[in-house]
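Listed below are the residues making up each chain.
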Amino acid sequence: MTRKCAVVTFPGSNCDYDLYKAVQLVGGEAEFRWHRDTELGNVDAVLLPGGFSYGDYLRAGAIARFSPIMDAVTAFAERGGPVLGICNGFQILCEADLLPGALLRNRTVRFHSHDVYIRAENTDTLFTADLAAGEVLRVPIAHADGQYHADPETLAALEGQGRVAFRYSDRNGEITDAANPNGSVKNIAGILNARGNVLGMMPHPERAVEPVLGSTDGLGIFTSLLRSLAPAGSA
Amino acid sequence: MTDRSAEHSIHYEPGATAGTAATTVEPPAPGPRPGDPAVTPELVAAHGLSPDEYERILGILEREPTFTELGVFSAMWSEHCGYKNSKRLLKLLPTDAPWVIQGPGENAGVIEIDDTFALAFKIESHNHPSAVEPYQGAATGVGGILRDIFTMGARPVAVLDSLRFGDLDSGRVRYLLNGVVRGIGDYGNCVGIPNIGGEISFDRGYEGNPIVNAMCLGLMKKEDLIRGTASGTGNTLMAVGARTGRDGIHGATFASEELSEDSDEASRPQVQVGDPFTEKLLLEASLELIKSGHIVGIQDMGAAGLTSSASEMAGRGGSGVVFDTALVPVREPGMTPYEILLSESQERMLVVAERGHEDEVTGILEKWELEAAVIGHVTDDGRFRILEDGATVADIPALPLTTGCPTYEREGVESEEIRALRTEDLSEVLALSGDLTPELMKLVASPNIASKRWVYEQYDSTVRSSTVARPGGDAGVIRIRETKKGVAATTDCNGRYVYLSPRRGTHAAMAEAARNLVCVGAVPVAITNNLNFGNPLKAHIYYQFREAVLGMAEACEAFETPVTGGNVSFYNETDGVAIYPTPVIGMVGIVENVDRVMGQAFTTPGDQILLLGRNTRELGASELLYVLTGRVAGEPPAVDLLAERSLQNAVLGLIHEDLLHSAHDCSEGGLACALAESAIGSGEDPLGIDVELEDELPPAAVLFGEAQGRVVVSCAPERADSVQGVAERHGVPCQAIGTVGEHGGTFRIRALDSGVEVDLDTLTDSYFGALSDIMDRATGN
Amino acid sequence: MSSYRLEIRVTPRPGLLDPEGAAIQHALGSLGFHAVTDVRVGKAIYVDASAVSEGAALELGEAMCRRLLANPVTEDFEVSLHQPTGAEAS
Amino acid sequence: MSSYRLEIRVTPRPGLLDPEGAAIQHALGSLGFHAVTDVRVGKAIYVDASAVSEGAALELGEAMCRRLLANPVTEDFEVSLHQPTGAEAS
Ligand SMILES: Nc1ncnc2c1ncn2[C@@H]1O[C@H](COP(=O)(O)OP(=O)(O)O)[C@@H](O)[C@H]1O
Ligand SMILES: [Mg+2]
């Protein structure tokens, strides 16, 4: 039984190793893929890490989405394979049209690095099944371009179809403007594609997986993902 | 140019040039190069070389230097590279201990962590570039220090930054702060190195000359240590990474001159632009190269670029080098050897590859989308020989070039003016009593004491998922994966103390650094330092420098924290006015068990609060004095190095025995501000306190004096006796001073007939709001 | 084939909020430029390229914008041949 | 007083490294735009302001550049009155 996750390294990725270790920590098998690879090989999930692919030049994710590996990632997603993009990974997924909308410069026009609280809005997904409904997670953010934006129709679809995975909240789960670190529309911190197999989120669950790091709230996302990969019965 | 160098590098064969032939036959001395200016006394002076230094050059060459050679000498013999005015004193610093693997002289110092791991660390200044262009100046400062670390074979795991600016009411200062912080952030964030701490303070003493020092820590397996040496005759010199442009030509000498009104104008062409994306690729490629075994040496092309990297590698290797500037990949056509040798374009490395392994090296760089070009090779003739298309343009004995720079010991005399400041009468401030809450609120809202969140939240502090203690505490801590161990680091220096009393002030900087480390549970093991001073040719500046170095040496002995490297930045003056002497101490410590790392915030209502160390009647050089009267005067706090050492051991013992819930040292703003910081914590759950101080001393001094050697700890009430016991065993005074109150309660301290009392929300808001309120009004990009 | 310098301006969609523009407007205000009523910030990208004609060069520029330089979700673009106008900085 | 839209272009000084331009040029190349020989990236800033005349508006723009919009150490600027040229994005 393989529960193998491919972690894609783009030039400028810098959370690839963190993601690799997080997968191992919850008992998964992790393998790196290089952005120039054209095939993913036999893997059960694909993870796009945070960082500054191509230095975030032009627009975050705009150049990386053309990396050779992205055709394979797109095909994998279209076959229903689970794809998780975190931070820069989320930005790449939006640029690659695997997720709708775009991530704009934070409303403060500054980089923001601190813990935030996010509320799980849909716990009936590959990535959130192990979370309690409305569970509030404490996880770090570290980005300058995290302001989620989408046109009204797209927003309506996201909301209507339960495709908002996480929202920035206060620690009691209240959705307030003060809890919104970057000005994202409707406090959106993470979204799913229509089929529910692609998740993009700005916060960094892989940085909150051990007590020594100050929070283990990120674990649930990885355990959910791995459980969803396990053959029925075996988890 | 590209194709040309590519073509060359294919056909290049060691020996095809004058290179190895020269090892037997003396090559012809370089003649004047068409288009280069003639070497005149004026030109020599313009290169910052004194007549007797020039005499020495004639002696070394036994002829007149060419224009190119003049440029090479002026860069290598600049203050920045040659340490003319500091070398002799720096020799006095203790540099060894059983755990020191690499002391001063390399790109970075290296210490042993355990049988497997070693820690490389170093601090570097970019004051002058940041004064001219804050964003790029600070960004390239971070880039440079990262390269110093990964060229040792270590992976950078943490950055700290030590900053000084003028008062924030100046728009120019806010512009500088904003640019510097964005520059440090954008560069480190992009490369993916967490920032775990630093310091920042504001005082008119830094008005014209901000200080921007960046420190980097790198982890490595011991066996991966590599040094910046050019060894093995016939081995190949390769230029890797970014192309060479006309950036920062003579930055090294520029960094050794005073800024003047027209500096902005004058130094424009010298601005270097950083590319953190290329740096990240270069970092990965370099570590892969080092592990690959295809190279014998690697060095950053930093200050004085190719000149210093090549000649220093030859100097260290006791060998020689020959290379052809026409083979160096350039960004602009028509660059002269002079420009190529002195360019300070960023993100470049000089690599010495095993002869015959050039293709493997190139392959690794191509994987990371970087260029590598063969430019020459290592010789055994001890000469630094530069060709242009095969014609010799410079031929200099390497050793005299790197080590022959004349060094000076000057006479130092304390300035009368400063001596007078020290004896000024502070009684009116000492006499303050009654309700001192307004004074507390002034201090908490002073940018020097208020939270630095506005700064460090622009820095990624959690990337690499290894940060145990982020900015905001006494010291930052990084865990070492696959072990229980961690490394801690802090930077400290109070320039006012050093200004008023250089030796004592430097003791205080060392003492605070060590206190910050022990407060998180780390054993201090070594330091790097960045000596930021004015013009050393002035007697009172040289006095400050000498006293500071002597003070550092004494404290290093007392704390058993040897110096493994550092950096000297002189000429921090504008129109003749020098900054406060600022010897920034970057101290590192080892944490045995990261699960035991201690925080500074009170954690539990009902806990007992104890003070380790003794209060005094000192208020000299205090933030209180500056905030209330705008004065920088009086005797800075006295430092008892032996008492500090006992205090350090006591705190470590308490944390080791798991007796504490919090530990926080007293620094600027004194005991009251330390208590405030512990009460406020992260700001999420501030806890009230009720403290009673019985010292028969002026309340203002007890509350706000900056007496050294003090740490505030908290523990469960039933542990208080054990805490007292441990303190006693170490001979450290320890008094129970109060208790931790409720969430959202009141912050109350009584000192004899005086005291402070304020509700936590008010306290917390002004502590976190002060700096951001000022900066969000800031103009400038 | 002759060579052209294309000037490509990529700007945030009208109505889309522009944090950078807002920050600059705020800063200009506090510097005393009160006559300013709105600021929008985009990119000016100068592309040197060889093409058979001006028209071909412009088309090339538009193709680049559609493919890479502009984000269709948030940005508009304008392509023109570069001829410095107005006041040059000294 | 009438109101004007100023178009301000801020570009990196010639000779200074432009990493963003380099990255974009590299990307365009790998997308098949081989005709591209150089790319430089700057800012296009649109400022709406009221002024007594075109000349006054342009002067205002230059003053803004000197005070805030352009970094005198690393950037040049051009100010012009905005009239959309070339091809508009649909
Ligand atoms: N420039 C900076 N970069 C990162 N962290 C900083 C900076 N300035 C201050 N800090 C952090 O803010 C906190 C308070 O700084 P400081 O008052 O200097 O602490 P201390 O007095 O314990 O040395 C520390 O955790 C320090 O690391
Ligand atoms: Mg401290």
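On a predicted model such as this, the values are computed, not experimentally measured, just so you know.

Now for the packing of aromatic side chains. Residue and element names in this part refer to chain B. Evaluated as defined, the whole model comprises 17 aromatic pairs over all chains. Three or more aromatic residues joined by ring pairs form one cluster here, namely Phe 533, Tyr 542, Phe 545, Phe 570 and Tyr 571. Directly above the aromatic system of Tyr 408 lies the positively charged group of Arg 410, at a separation of 4.7 Å from the ring centroid. Looking at Arg 496, its charged tip hangs above the ring of Tyr 626, at a distance of 4.0 Å from the centre.

Residue and element names in this part refer to chain A. Strand order in this open sheet of 9 strands is β2-β1-β3-β4-β11-β10-β9-β6-β7, and the pairing throughout is mixed. Looking at the sheet topology across the chains shown, the edges are occupied by β2 (29–34) and β7 (136–143). Along the sheet, successive strands turn relative to each other by an average axial angle of 25°, direction set aside. Seen against the sheet, helix α1 (residues 16–25) touches β1 (4–9), β2, β3 (45–48) and β4 (83–86) and runs at an angle of roughly 155° to β2. Packed onto the sheet, helix α3 (residues 88–95) meets β3, β4, β10 (188–192) and β11 (198–201) and runs at close to 115° relative to β4.

Quick look at the packing of helix α13 (residues 276–292) of chain B against helix α16 (residues 358–367) of chain B now. Residues and elements named next belong to chain B. Two elements in contact, α13 and α16, have axes separated by 9 Å at closest approach and are oriented at 150°. Viewed along their axes, α13 and α16 adopt a mutual orientation that is roughly antiparallel. Crossing hand, α13 versus α16: right-handed. Residues Ala 285, Glu 288, Leu 289 and Ser 292 of α13 form the contact with α16, whose participating residues are Val 361, Ile 364, Leu 365 and Lys 367. In terms of residue class, the contact of α13 with α16 is built from 5 nonpolar, 1 polar and 2 charged.

In terms of burial, helix α5 (residues 67–76) of chain B is largely enclosed, as 10 of its 10 residues are buried. Residues of α5(B) that are buried include every one of B:Phe67, B:Thr68, B:Glu69, B:Leu70, B:Gly71, B:Val72, B:Phe73, B:Ser74, B:Ala75 and B:Met76, and no others.

Residues and elements named next belong to chain B. Protein-derived ligands of the magnesium ion (ligand 2) are Asp 474 (OD), Asn 516 (OD1) and Asp 665 (OD), with the metal-ligand distances lying across 2.1 to 2.4 Å. Look at where the donors of the magnesium ion (ligand 2) fall in the sequence and you get D-x41-N-x148-D. Note that Asn 516 is positioned in helix α23 (residues 502–520) and Asp 665 in strand β23 (residues 662–665), a separation of 149 residues in sequence.

Once that is clear, we can look at the nonpolar core. In this structure, A:Phe166, B:Leu217 and B:Val588 are the most contacted members of the largest nonpolar core, which totals 242 residues. Ranked by residues supplied to this core, first place goes to helix α24 (residues 539–559) of chain B with 11 residues. Judged by nonpolar contacts, the second largest core, of 48 residues, contains B:Phe67, B:Ala310, B:Met335 and B:Leu342.

Our focus in this paragraph is the packing of helix α9 (residues 134–150) of chain B against α13(B). Residues and elements named next belong to chain B. Across the interface, α9 lies against α13 with an axial gap of 10 Å and an inter-helix angle of 10°. As judged from the angle between their axes, α9 and α13 are roughly parallel. In this structure, α9 uses Gly 143, Leu 146, Arg 147 and Phe 150 to contact α13, whose residues at the interface are Glu 279, Leu 282, Leu 283, Ser 286, Leu 287 and Ile 290. Looking at the contact of α9 with α13 residue by residue, the classes come out as 6 nonpolar, 2 polar and 2 charged.

Analysis parameters
Residues numbered from 1 in each chain as written. Chains lettered and ligands numbered in written order. Predicted model: local features only at pLDDT ≥ 70, side-chain atom pairs only at ≥ 80, totals over all residues. Heavy atoms only, no water. Phe/Tyr/Trp six-rings, centres within 6.5 Å; stacked < 30°, edge-to-face > 60°. Lys NZ or Arg CZ within 6 Å of the ring centre and 35° of its normal. Pairing = 2+ DSSP bridges. Helix = DSSP H or I, 4+ residues; strand = E, 2+ residues; numbered from the N terminus. Axes fitted to C-alpha atoms, helices over the stretch in contact; angles between N-to-C directions. Contact = heavy atoms within 4.5 Å. Parallel < 35°, antiparallel > 145°, perpendicular 65-115°, else oblique. Left-handed = near helix turned anticlockwise from the far one by under 90°. Nonpolar A, V, L, I, M, F, W, Y, C, P; charged D, E, K, R; others polar. Buried < 20%, exposed > 50% of the residue type's maximum accessible area, 1.4 Å probe, protein only. Donors = N, O, S within 2.8 Å, 3.2 Å for Na, K, Ca; no water. Core = buried A, V, L, I, M, F, W, Y, C linked by side-chain atoms within 4.5 Å.

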